Amino acid sequence: MIPLALDWSDIFSFQDYGELVALLSNSIIAGAVLGLVGGLIGVFVMQRDLAFAVHGISELSFAGAAAALLFGGSVVAGSIGGALVAAIVIGLLGTRARERNSLVGVLMPFGLGLGILFLSLYDGRSANRFTLLTGQIVAVSSPDLGWLIGIGVVVLAGLLLMWRPLRFDSLDPVSAAARGVPTRVVGLLFMVLLGLIVAVAVHIIGALLVMALLVTPAAAAMRVSAGPVAVPLLAALFGFVAAVGGILLALAGTLPVSPYITTISFLIYLGCWAVQRIRGRVRRTA
């Protein structure tokens, strides 16, 4: 057999690209909101060592979305409900890191198994099942966009209102408690905000890859800066570039949106890691 030559037109096609961008403007706006807010909240996810919990919440969000799909309800409402249940349970019972990791390890397979059960019972379009795991750029309708923007605004407002006590509690919880910060309440409220934004991420990028926007941008920002203002701003910028850039590439490509978003996010992290290493060598030789 003669191997077929790979043509770039098989991977990317910019024919009628402007019309596609206009047609899927809802998805681009939703991705921008998710990237910005996800990058900001990701800073506290890293500081509070909750990266593993993000994945656990996403599995319960997936189960809620799958249940809504099976019973004919709103997929967005189902994913929000599942994410909030997981976030509140982790916030109430997982106060210590070891307890939290054990709890997440229990919730993850339960949520994934429950979601797979609901999807196996669903006899609708098979594409709907796949998009819950990997995301879908064409799935954001105008009503869904309103929900997603509303959730993003609520999460952003919540973060800004509790920014100082949350940052204090994230960096030094013992001193925060001694200074009168209600650390348990702050932690629970943060988990609720995290659950809401995870539900949005599941709807856009899928349950399996939410950490690409809620962990990787913040981790990349922390590689190149330690400033209390620079890190959140960089994380939000990195999340925005990964989300919007991935969606714009997906419009011209033949793959789902998630591979593009995760690849851009990983390349940003790799670039920040390289910058950190170069800086370290320069300092050692200076």
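Conventions adopted
Residues numbered from 1 in each chain as written. Predicted model: local features only at pLDDT ≥ 70, side-chain atom pairs only at ≥ 80, totals over all residues. Heavy atoms only, no water. Axes fitted to C-alpha atoms, helices over the stretch in contact; angles between N-to-C directions. Helix = DSSP H or I, 4+ residues; strand = E, 2+ residues; numbered from the N terminus. Left-handed = near helix turned anticlockwise from the far one by under 90°. Contact = heavy atoms within 4.5 Å. Nonpolar A, V, L, I, M, F, W, Y, C, P; charged D, E, K, R; others polar. Patch = residues over 30% accessible without salt bridge, like charges linked within 9 Å, V, L, I, M, F, W, Y side chains within 5 Å. Areas by Shrake-Rupley, 256 points an atom, 1.4 Å probe, with all protein chains shown as cover. Salt bridge = Lys/Arg side-chain N within 4 Å of Asp/Glu carboxyl O. pLDDT = per-residue confidence, 0-100. Parallel < 35°, antiparallel > 145°, perpendicular 65-115°, else oblique.

J.: Please give an account of the packing of helix H2 (residues 25-47) against helix H10 (residues 183-205) that cites residues and values.
T.: Contact geometry of H2 with H10 gives a least axis separation of 10 Å together with a crossing angle of 140°. Taken as a pair, H2 and H10 cross one another with a handedness that is left-handed. Each of Ala30, Leu34, Val37, Gly38, Ile41, Phe44 and Val45 in H2 lies in contact with H10, whose residues at this interface are Phe190, Leu193, Leu194, Ile197, Val200, Ala201 and Ile204. Counted by class, the contact of H2 with H10 contains 13 nonpolar, one polar and no charged residues.

J.: Mind laying out a nonpolar patch on the surface, listing which residues take part and the relevant values?
T.: Taken together, Leu36, Leu237, Phe240 and Val241 make up a surface patch of nonpolar side chains, about 300 Å² in accessible area. Considering every element that reaches the nonpolar patch, the biggest residue donor is helix H13 (residues 230-252), with three residues. Tracing the backbone shows Val241 in helix H13.

J.: Explain the confidence of the model for the protein to me, using residue names and the numbers behind them.
T.: With 88% of its residues at a pLDDT of at least 70, the protein reaches an overall mean of 84. The least confident element of the protein is helix H6 (residues 126-134), whose mean pLDDT is 62; the most confident is helix H12 (residues 216-224), at 95.

J.: Report on the environment of Ile261, specifying residues and quantitative values.
T.: With respect to the secondary-structure elements, Ile261 resides in helix H14 (residues 257-285). Contact partners of Ile261, with chain neighbours within four places excluded, come to Ile205, Leu213, Ala242, Ala243, Gly246 and Ile247.

J.: Please set out the side chain of Ser79 residue by residue, giving values where relevant.
T.: Checked against the element boundaries, Ser79 lands in helix H4 (residues 75-93). When residues no more than four places from it in sequence are discounted, the contact partners of Ser79 are Ser61, Gly64, Ala65 and Ala199.

J.: I'd like to hear about the packing of H2 against helix H8 (residues 163-171), residue by residue, with values.
T.: Relative to each other, H2 and H8 sit at 30°, their axes nearing to 9 Å. As summarised for this structure, H2 and H8 are arranged roughly parallel, according to the angle between their axes. Residues Leu40, Phe44 and Gln47 of H2 form the contact with H8, whose own contacting residues are Trp163, Leu166, Arg167, Ser170 and Leu171. A per-class count over the contact of H2 with H8 returns five nonpolar, two polar and one charged.

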